[in-house]
Amino acid sequence: MSIPILSHLRLPLTKARSLSGHMSRITQLPSSDELFEQTDGRWLYNEAQQQHIRRIHFNVSELVRIGCEAAGTKECLSMDKIAEGSFNKVFRLNFDNSKSIIARLPSSRMFGSGTSNIVSSEIATMSLASKSGIHTPRVISWSKGFDNPVGWPYILMEDVDGVALHHEWFQPETRGEPVATLLTTVASSMQKMMTSEFSRIGSPYLLEDLPNSANLAPATDFEIKNGVRIGPIADALWWRCYHDEPHLDRGPWNTIEDYVKAAVRLERRAVERHRQDPSSLAYTKSSIEDLDEVEYLLSKVEDLAPHIQHVIEHMSPMPERLTQFCFMHPDLRTHNIMLPVSTADNGLSRMLNPVLIDWQGACALPLALQWHTPPFVEYQAGLLDLKTGRPILEIESPLDEVALPKDFDQLHPEHQDIIRTEHRIATRHVRWNQMFNKHPVFAPLISFRMQPNLHLFTQYILRACADGPFPLKKMLWYIELEWNFEEEKLGPCPFTLDFNYFHLRKLQEPHDRYENATSELMERLKCTVDGYVAHKDYEASMKELEGARAEWDEKSTGGPFPFDDGRWGQFLR
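Rules of the game
- Residues numbered from 1 in each chain as written.
- Predicted model: local features only at pLDDT ≥ 70, side-chain atom pairs only at ≥ 80, totals over all residues.
- Heavy atoms only, no water.
- Helix = DSSP H or I, 4+ residues; strand = E, 2+ residues; numbered from the N terminus.
- Rg over C-alpha atoms; globule rule 2.2 N^0.38 Å.
- Buried < 20%, exposed > 50% of the residue type's maximum accessible area, 1.4 Å probe, protein only.
- Areas by Shrake-Rupley, 256 points an atom, 1.4 Å probe, with all protein chains shown as cover.
- Lys, Arg positive; Asp, Glu negative; His and termini not counted.
- Charge placed at Lys NZ, Arg CZ, Asp CG, Glu CD.
- Core = buried A, V, L, I, M, F, W, Y, C linked by side-chain atoms within 4.5 Å.
- Contact = heavy atoms within 4.5 Å.
- 1 Å grid on protein atoms, 1.4 Å probe; cavity = no way out; pocket = protein on both sides within 12 Å on 5 of 7 lines; lining within 4 Å.
- Points joined across faces, edges and corners; volume = space filled by probe spheres on them.
- Nonpolar A, V, L, I, M, F, W, Y, C, P; charged D, E, K, R; others polar.
- Pairing = 2+ DSSP bridges.
- Phe/Tyr/Trp six-rings, centres within 6.5 Å; stacked < 30°, edge-to-face > 60°.
- Lys NZ or Arg CZ within 6 Å of the ring centre and 35° of its normal.

**Some words on the overall build of the protein**
Link 1 in the chain: Along the protein, the regular secondary structure elements total 20 helices and 16 strands.
Link 2 in the chain: In terms of overall dimensions, the protein is globule-like: its C-alpha atoms have a radius of gyration of 25 Å, near the 25 Å expected for 573 residues.
Link 3 in the chain: Dimensions along the principal axes, computed over C-alpha positions, put the protein at roughly 75 × 60 × 55 Å.
Link 4 in the chain: Across the 573 residues that make up the protein, the buried fraction comes to 53%.
Link 5 in the chain: Accessible area for the protein stands at about 26,000 Å²; split by element, carbon and sulfur atoms hold 51% of it.
Link 6 in the chain: Counting 60 positive and 78 negative side-chain charges, the protein places the averaged centre of each group 3 Å from the other.

Right, dumping it as structure tokens:
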């Protein structure tokens, strides 16, 4: 049974244009701060810089006018900001004829000179998903650049008549057959994405929006059928801050080697710029001395790059499928899965029609690099045994059933409820993997231990300066370890590191102490890793911050106080 979830509008997709006709007006307009600034919380440190990269500015009356034209009315009753994050601000426009439209505007400083590419590619990706039978919001009007009446890139789309999964996914009543049905439905959508076939690595664009820098290659049948071609990659990591030089290579690429080596060149250029201006290392975890190690690690990545295809071809008896370029939703978390509102009659059927939103940053990559457990079913052990320090629930294998603790029946009922919630989340993770393990294409991806590192490879390359050399160093060590374990099948590892397990363990100990101390500080201050807090907690958290700073001991915690101005910020570099 198909349940309609998209409501209100059935209008043709159009690009921005000069709209003639009636004047439009809005009855209730938020303040300028509400429209242009991040307003759902505050930062305890680096606040001016965090606000700056998220600030937008647009012609409100023109956006309302375009919305009214699309809705077939003259009056917008209200414009409410319903969501904001690091990358976008989202508004709902409510009209006097009971229709509503969603307007999403990107925080362009997050994407630098790649903003127009990222908007254009998202439009193409949503079109691809829809044509593949995946429910997405219908785009009504959009503009990729700043040279439009609104003065800012935007996407107007249908308002999804439903609720985000995160409102109910962790509730005790969300269990059993409805959960199994949703897992099956979303898995089916993912398989549709992973059977797509593109000609190159990059991101999809509609033909008329393909950037001039993208040389056309022979198109696949899938590309021709859907009216798309592959152009420069639309992942923000390739465009933001110290990667934002338009002349640098962002694809498209014909091979995995070309793709990885382009990431290396981008990060080497970041190293060069940081050497020229050491003060630019503010907001990073790197020192000027760390740049030598970053360059050393990048040289090892370059040694590995020509051999990644070889690794993938040995992962499966069907190597052509694992090297096939396909697309996937870039961030399938609970906030990006919409369901019809729950009623007494649709407990199961509503799980058959999820709408997937926020396709920003989707890429065409080999299946072996795309594959990952989506965040909405990912399990990371959150409950620790106070005596042993080990997780109460552990997943030894991605396919093993998760056992409750041996002393579960003797625990206090409140503790049992907490563990049951954790157990449900862990079990969903296992069920997801068990579904895909039945498929001959995906089973090798679940069992091949090097694959998670290959999936995150370019992320660690492109954040080597921002996050310090240790994450990339650790990843390369794991790849070398796994390669040597499979040496009989793969041959000798193409690179050799000048450090061993004992050296890495020596570095890991203070790193873990620092991460643990930072996590405890976050809990104490009720903030995120960037120091972001809710308005209601801001004053109390700022007072608590002063005490925490005075108590902080660099020797015992493994590093400097993390929440001072100028310290690391995830999106500031």
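**Side note on the nonpolar core**
Link 1 in the chain: With 115 residues, the main nonpolar core has W238, F376 and F457 as its most contacted residues.
Link 2 in the chain: In terms of residues, this core owes the most to one element, helix α7 (residues 256-276), which gives 9 residues.
Link 3 in the chain: The contact partners of W238, leaving out residues within four places of it in the chain, are I233, H243, D249, R250, W253, Y259, A262, A263, L266, T458 and L462.
Link 4 in the chain: I66, C68, A71 and Y154 belong to the second largest nonpolar core, which has 24 residues in total.

**Concerning empty space enclosed by the protein**
Link 1 in the chain: For the structure shown, the criterion picks out 3 cavities of 30 Å³ or more.
Link 2 in the chain: Quantified by volume, the largest cavity comes out at close to 60 Å³.
Link 3 in the chain: Lining the largest cavity, in full, are Y242, H243, E267, A270, H274, L462, C465, A466 and R573.
Link 4 in the chain: With 3 residues, α7 is the single largest residue contributor to the lining of the largest cavity.
Link 5 in the chain: The residue makeup of the lining of the largest cavity, split by class, is 5 nonpolar, 2 polar and 2 charged.

**Some details on the pairing of strand β11 (residues 228-231)**
As a general feature of sheets, a regular strand has side chains that alternate between the two faces.
Link 1 in the chain: Every second residue of β11 is oriented toward a common face, with V228 and I230 on one face and R229 and G231 on the other, all of them buried.
Link 2 in the chain: Where strand β10 (residues 203-206) meets β11, 4 bridges bridge the pair, whose relative direction is antiparallel. Bridging from a neighbouring strand, S203 pairs with G231 of β11.

**Points about the packing of aromatic side chains**
Link 1 in the chain: Scanning the model with the defined rule gives 25 aromatic pairs in all.
Link 2 in the chain: Pairing F87 with F111 gives two aromatic rings, centres 5.7 Å apart and planes at 20 degrees, and the pair type is stacked. In this pair, F87 is assigned in the loop between β4 (75-84) and β5 (88-95) and F111 in the loop between β6 (100-106) and α4 (115-131), connecting sequence segments 24 residues apart.
Link 3 in the chain: Between F561 and F563 the ring centres are 6.5 Å apart and the planes differ by 75 degrees, which places this aromatic pair in the edge-to-face class.
Link 4 in the chain: With a relative accessible area of 6%, F561 lands in the buried category.
Link 5 in the chain: Judged by its relative accessible area of 1%, F563 is buried.
Link 6 in the chain: Taken together, the ring pairs connect W169, W371, F376, W432, F436 and F442 into an aromatic cluster.
Link 7 in the chain: The ring centre of W568 lies 4.5 Å from the NZ or CZ of K285, which sits over that ring.

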